[in-house]
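Secondary and tertiary structure notes
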Protein chains: 2
Amino acid sequence: MAYDNAFAAMADPTRRTVLERLKAGPRTVGDIAAGLPVSRPAVSQHLKALKAADLVRDEPRGAARLYRLHAPGLQALRAYLDDFWDEALARFKDHAESEDERD
Amino acid sequence: MAYDNAFAAMADPTRRTVLERLKAGPRTVGDIAAGLPVSRPAVSQHLKALKAADLVRDEPRGAARLYRLHAPGLQALRAYLDDFWDEALARFKDHAESEDERD
DNA sequence: GCTAACCGTAAGTGATGGCTTACGATAACG
DNA sequence: CGTTATCGTAAGCCATCACTTACGGTTAGC
């Protein structure tokens, strides 16, 4: 899969909109696509990318398919940013700040 | 500018490596490019993208130019994810979890 | 079983991204 | 000043992305 990281998956505005919709609860592909300006197959492809990035989870629902947010993927993203931030502060507190002027 | 959001800026592995290097403190373009498998102009373009995304800050340093992490941009990213996560939990706690089975 | 609903995938297309080399601008240095 | 170091930008190229339409597969309903 070309989407080797969660940031790439989050980079697309349509995919972020899909995630926003899933915040309210599980949705079928048709439901998700209904509110979007792109075709249903396009949404399927986006969901595939989000799934590869571990950001959503899917499950059969009769003839349909139910998608929902996947906590571990989201937590991993938050953890990466949190760690990054903590390390930046710890190693070089003044340089990471925006008000600093010396090196 | 094509980089309308910070996620797009973070999506590229080379750019993430650049940020990792800047975690240790300010660096010139040449210093950053020295440890990377791409050319110096490529690094300049990446820095331009990171700057547009508000993730780095630059400052003249004689003939060189000093780049450093920019706190507000990083915080904004963290805030987006934190808010997203909080809302997902608040609105539909069980659906966001990975162990849930009902809707 | 036939039909309809729902969905994933394949194929093709236009746009964008990341890279390179070449060039020009600016600042220190003698 | 002329030279060197450092950097940003322009132009071009190739890969990838996001999208469309077309198609096939699976499930429910009659």
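Conventions adopted
Here the residue index of a chain counts from 1 through its sequence in written order. Here chains are named by letter from A upward and ligands by number from 1 upward, in the order in which they appear as written. The model is predicted, so local features are restricted to residues of pLDDT at least 70 and side-chain atom pairs to those at 80 or more, both for listing and for counting; the totals for chains, interfaces and linings are taken over all residues. To get the side-chain values, all heavy atoms of the structure are used, and hydrogens and water are removed first. For the purposes of this entry, the term helix denotes a DSSP run of H or I that reaches at least four residues, the term strand denotes a run of E that reaches at least two, and both are numbered from the N terminus. Any residue under 20% of the maximum accessible area for its type is buried, any over 50% is exposed, and the rest in between are partly exposed; the area is computed with a 1.4 Å probe on protein chains only. Any pair of residues with heavy atoms lying within 4.5 Å of one another is described as a contacting pair. For every accessible area listed, the method is Shrake-Rupley and the probe measures 1.4 Å; residues are considered covered only by the protein chains on display. Here an angle of 0 to 180 degrees is reported between the N-to-C directions of two axes, which are lines fitted to C-alpha atoms, with helices fitted over the stretch in contact. By definition in this entry, angles of less than 35 degrees are roughly parallel, angles greater than 145 are roughly antiparallel, angles of 65 to 115 are roughly perpendicular, and the rest are oblique. Note on residue classes: Ala, Val, Leu, Ile, Met, Phe, Trp, Tyr, Cys and Pro are nonpolar, Asp, Glu, Lys and Arg are charged, and everything else, Gly too, is polar. Should DSSP find at least two bridges between two strands, the strands are regarded as paired. In predicted models, pLDDT denotes the confidence assigned by the predictor to each residue on a 0 to 100 scale. Should a side-chain nitrogen of Lys or Arg be within 4 Å of a carboxyl oxygen of Asp or Glu, the pair is scored as a salt bridge.

The next point concerns the overall build of chain A. Of the regular secondary structure elements, chain A holds five helices and three strands. In chain A, the succession of α and β elements from N to C terminus is α-α-β-α-α-β-β-α. Counting over 103 residues, chain A shows a buried share of 47%. Considering only contacts in chain A between residues 6 or more positions apart, those separated by 24 or more positions represent 45%. Counting every atom, chain A has about 5100 Å² of accessible surface; 48% of that belongs to carbon and sulfur.

Now for the packing of helix α2 (residues 13–23) of chain B against helix α4 (residues 40–52) of chain B. Residues and elements named next belong to chain B. With their axes 10 Å apart at the nearest point, α2 and α4 run at an angle of 80° to one another. One way to sum up the angle between α2 and α4 is to call them roughly perpendicular. Residue-level contacts link Thr 14, Arg 15, Val 18 and Leu 19 of α2 to His 46, Leu 47, Ala 49 and Leu 50 of α4. Its residues assigned to classes, the contact of α2 with α4 comprises five nonpolar, two polar and one charged.

Residues and elements named next belong to chain A. Spatially, three strands are ordered β1-β3-β2 in an open sheet, and the strand pairing comes out antiparallel. The open sheet terminates on both sides in strands that have one partner only, identified here as β1 (27–28) and β2 (56–61). As paired strands, β1 and strand β3 (residues 64–69) are joined by two bridges and run antiparallel to one another. Residue pairing for β3: Thr 28 is matched across the bridge by Leu 66. Sitting on the sheet, helix α2 (residues 13–23) touches β1, β2 and β3, and the angle it makes with β3 is about 90°.

Any residue range with low pLDDT should be treated as having predicted coordinates unsuitable for detailed reading. Residues and elements named next belong to chain A. Scored by pLDDT, chain A comes out at a mean of 88, with 84% of its residues at no less than 70. By mean pLDDT, the top-scoring element of chain A is helix α4 (residues 40–52) (98), and the lowest-scoring one is helix α5 (residues 71–96) (85). Considering only residues more than four positions removed or in separate chains, one finds that residues 95–103, a stretch of pLDDT under 50, has 27 contacts.

In this section: the pairing of β2 of chain A. All names here are of chain A. Pairing geometry for β2 and β3, over six bridges, is antiparallel. Directly across from Val 56, in β3, lies its bridge partner Leu 69. Counting the residues between successive antiparallel strands, the hairpin from β2 to β3 contains two residues, one of them, Gly 62, with a positive phi of roughly 70°.

Its place among the elements puts Pro 60 of chain A in strand β2. The spacing of Pro 60 of chain A and Thr 28 of chain A is 32 residues in sequence and 9.6 Å in space, taken between C-alpha atoms.

Let us look at the pattern of salt bridges. Under the criterion given, the structure shown has twelve salt bridges over all chains. In this structure, Arg 78 of chain B and Asp 82 of chain A form a salt bridge, with 2.5 Å as the shortest nitrogen-oxygen distance. Of this pair, Arg 78 of chain B sits in helix α5 (residues 71–96) while Asp 82 of chain A sits in helix α5, on two different chains. Judged by relative accessible area, which is 18%, Arg 78 of chain B ranks as buried. Lys 23 of chain B serves as the salt-bridge partner of Glu 20 of chain B, at 2.8 Å between the closest nitrogen and oxygen. One end of the pair is Glu 20 of chain B and the other is Lys 23 of chain B, both in helix α2 and three residues apart, which spans about a single turn. The class of Glu 20 of chain B is partly exposed, set by a relative accessible area of 30%. When salt bridges that share partners are traced, they join Glu 20 and Lys 23 of chain A together with Glu 87 of chain B into one network.

With that out of the way, let us pick up the sheet that holds strand β1 (residues 27–28) of chain B. Residue and element names in this part refer to chain B. Spatially, β1-β3-β2 is the arrangement adopted by the three strands of the open sheet, whose pairing is antiparallel. The open sheet is flanked by β1 and β2 (56–61), the only strands paired with a single partner. Sheet strands in contact with α2 are β1, β2 and β3 (64–69), and its direction is about 90° off that of β3.

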